[in-house]
Amino acid sequence: MNIKIQKNIEDSLQAELVEYRRHIHSYPELGFKEFETAKYIKSILNKYNIETKDICETGFVADIGKGGHCIALRTELDGLPVEEKTNLEYSSKIPGRMHACGHDLHIAVLLGVAKVLKQNEDKIEGRVRLIFQPGEEVLPGGASKMIAANVLKDANVEYVFSQHIDPMLPAGTISIPQKEAMASTNELFWTIKGKASHAAQPHLGNDAILASVNIVNFIQSIVTKFRNPITPAVISVCSINGGNTTNIFPSEVKMQGVMRTFDMKLRKEIEELLISKSSDIAALYNTSCELYIDHGYPALINNSNAVKIVTDAANNIFNKSDIEIAEPKLLAEDFAYFAQELPSCYWFMGTARENEEKYSLHSPFINPSEEVLIKGVKLFIEIVNTALNKLNTENN
Ligand SMILES: [Zn+2]
Ligand SMILES: [Zn+2]
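Residues numbered from 1 in each chain as written. Chains lettered and ligands numbered in written order. Predicted model: local features only at pLDDT ≥ 70, side-chain atom pairs only at ≥ 80, totals over all residues.

**Quick look at the overall build of the protein chain**
A count of helical and extended segments in the protein chain gives 9 helices and 16 strands. Overall, the protein chain is about 80 × 50 × 40 Å in size when its C-alpha atoms are taken along their principal axes. Across the 396 residues of the protein chain, 45% fall into the buried class. Nonlocal contacts in the protein chain, meaning residues at least 24 apart in sequence, comprise 81% of its contacts between residues at least 6 apart. (Helix = DSSP H or I, 4+ residues; strand = E, 2+ residues; numbered from the N terminus. Buried ≥ 20, exposed ≤ 12 C-beta atoms within 10 Å, placed from the backbone. Contact = placed C-beta atoms within 7 Å.)

**Looking at the environment of I240**
Examined against the element boundaries, I240 turns out to sit in strand β10 (residues 233–241). A tally of 17 C-beta atoms within 10 Å means that I240 is categorised as partly exposed. Between the alpha carbons of I240 and V213 there is a distance of 9.0 Å; along the sequence they are 27 residues apart. Not counting the four nearest positions on each side in its chain, I240 is found in contact with S212, V253 and M255.

**Quick word on the sheet that holds strand β8 (residues 184–193)**
The antiparallel open sheet is built from 4 strands, whose spatial order is β10-β12-β8-β13. Each edge of the open sheet carries a strand with a single partner, namely β10 and β13 (288–295). For this sheet, the mean inter-axis angle between neighbouring strands, taken without regard to orientation, is 20°. For β8 and β13, the ladder comprises 8 bridges, and the chain directions are antiparallel. From the neighbouring strand, W190 faces β13, where its bridge partner is L291. Relative to β10, helix α5 (residues 208–225) is tilted by about 170°, and along the sheet it contacts β8, β10, β12 (252–261) and β13. (Pairing = 2+ DSSP bridges. Axes fitted to C-alpha atoms, helices over the stretch in contact; angles between N-to-C directions.)

**Quick word on the packing of α5 against helix α6 (residues 264–284)**
Contact geometry of α5 with α6 gives a least axis separation of 9 Å together with a crossing angle of 145°. The interaxial crossing formed by α5 with α6 has right-handed handedness. On the side of α5, the interface is formed by A211, N214, I215, F218, I219 and I222, while α6 contributes I270, L273, L274, K277, S278, I281 and A282. (Left-handed = near helix turned anticlockwise from the far one by under 90°.)

**Some points on the sheet that holds strand β16 (residues 344–352)**
On the basis of which strands lie adjacent, the open sheet formed by 8 strands has the order β1-β2-β4-β3-β5-β16-β6-β15 and mixed pairing. Lying at the two open borders of the sheet, with one neighbouring strand each, are β1 (53–54) and β15 (323–326). Helix α7 (residues 304–317) contacts β5 (159–170), β6 (174–177), β15 and β16 of the sheet and is inclined by roughly 40° relative to β16.

**A look at the domain arrangement of the protein chain**
Here the protein chain is described as being made up of domain 1 (7–182 + 299–395) and domain 2 (184–295). Distance between the C-alpha centres of domain 1 and domain 2: 39 Å. Of the residues lining the interface, 5 residues belong to domain 1; the matching set on domain 2 comes to 6 residues. (Domains from an automatic or database assignment.)

**Examining helix α2 (residues 35–47)**
Taking 1.5 Å per residue, 13 residues should reach 18 Å; α2 reaches 19 Å between its end C-alpha atoms and fits that length. Among all positions of α2, only T37, A38, I41 and L45 are buried. On an axial view of α2, the arc spanned by its buried residues comes to 95°, and they lie on one face. Summarising the geometry of α2, the exposed residues directed more than 90 degrees from the buried face are K39, S43, N46 and K47. Against α1 (7–26), β2 (60–65), α3 (103–119) and β4 (127–133) lie the buried residues of α2. Trailing α2 by a residue or two, N49 shows a phi angle of about 65°, which is positive. (Expected span 1.5 Å × (residues − 1). Arc of directions from axis to C-beta.)

**Topic: unusual backbone geometry**
Omega for the peptide link from L139 to P140 comes to 5°, which places this bond in the cis form. Tracing the chain through its elements places P140 in the loop between β4 and α4 (142–148). Positive phi is not limited to glycine here, since C56 has a value of about 75°. Classification of C56 by C-beta neighbours within 10 Å gives buried; the count is 21.

**Section: the pairing of strand β3 (residues 70–76)**
Of all 7 residues in β3, 7 are buried, a share of seventy percent or more. A two-sided burial pattern is seen for β3, the buried positions comprising C70, A72, R74 and E76 on one face and I71, L73 and T75 on the other. Note: β3 against β4, 7 bridges, orientation parallel. Bridge pairing in β4 links T75 to F132. Two elements, β3 and β5, share 3 bridges in a ladder whose sense is parallel.

**A closer look at the nonpolar core**
I71, V113, L130 and V310 are the most contacted members of the largest nonpolar core, which has 83 residues in total. In terms of residue count, the dominant contributor to this core is helix α9 (residues 372–395) (11 residues). Apart from the residues lying within four places of it in its own chain, the contact partners of V310 are F161, I176, C345, W347 and I383. Counting residues in each nonpolar core, the second largest holds 18 residues, with I192, I219, M255 and A282 among its members. (Core = buried A, V, L, I, M, F, W, Y, C linked by C-beta atoms within 7 Å.)

**Digging into α6**
Between its first and last C-alpha atoms α6 spans 31 Å; for 21 residues at 1.5 Å apiece the expected length is 30 Å, and the two agree. Looking at the buried side of α6, the elements it contacts are β8, α5, β10, β12 and β13. Count one or two residues on from α6 and you reach N286, which has phi positive near 55°.

And the structure:
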């Protein structure tokens, strides 16, 4: 199969997708509350004669094609609790909410893919499941919930693909992680308990502040001395609170931070070290320490076959100079759960405008280039061609 977007409809499709994207951008909703967003997307899919099936709260799927092998393409639905400051005419109309992670663009891309695939349904040699996933930005995330609700199994999905915008890369360029894409994330909450005393009589108390700063210092040694240096990991303490005056030691200090790595075995080892060493150091100062660890998403690891499909597809339709290998990032993303289930690939498409200041994902000023819309559709369509052709030949 070789579905292509006809050159003469590219401009009108791009204009249509810009309209969808701007509407979604104007009305962002938070994770698992994407009611109006889902309604709007479904109304467009229905206009294309595509049926949808609800899976897991506000999430849903749309299946195109018949019989044979099946691949899935996934977008997220949620916006963020951010007050938009772009002053664009289609800025968020909902105070304190913004599509600041590009999920509005991801949705519009999949709508374009849906339209093109539906128009060419008789040429699809297999099936494509479009996954509209709720709540990527809020733990525990919609991905694991959808998987538990059989979003992959009930269609016998064999590969999963997802694209994210990257506002730091030039618009239209593609950046593909070869293996490690995103890290596992653990949120860390320490409570160090001592005994309050006058600053001039430290011997009458137990100094929770001195214990805390020694914990902060020592845990950096976990990364440098207790871990094989060829495996990346980061431990960052980003908040420390205790005491409120010049001359009294507080009885308690609270600290917060994160630990991230790609290696699930190392993740477990560092968790154990963090708990035991924090407690040992607290004990040196006759204080006690409790460390509560909240588990975030696992590491997102791309599959080499899926990476090859995306790379081949990108090479087929874009200039080689626009395609690069992405370095692993210690950010986190719940597409990781899809990648744990099936061969998957997650990659980035640049959205930085030339000669304009770049703003990171989640910034209230982010204003990604909409060029990504038609380019994203083209890439996904070529991925559908490449993946289904591969699956069909492998089986013969
Ligand atoms: Zn985000
Ligand atoms: Zn995102």
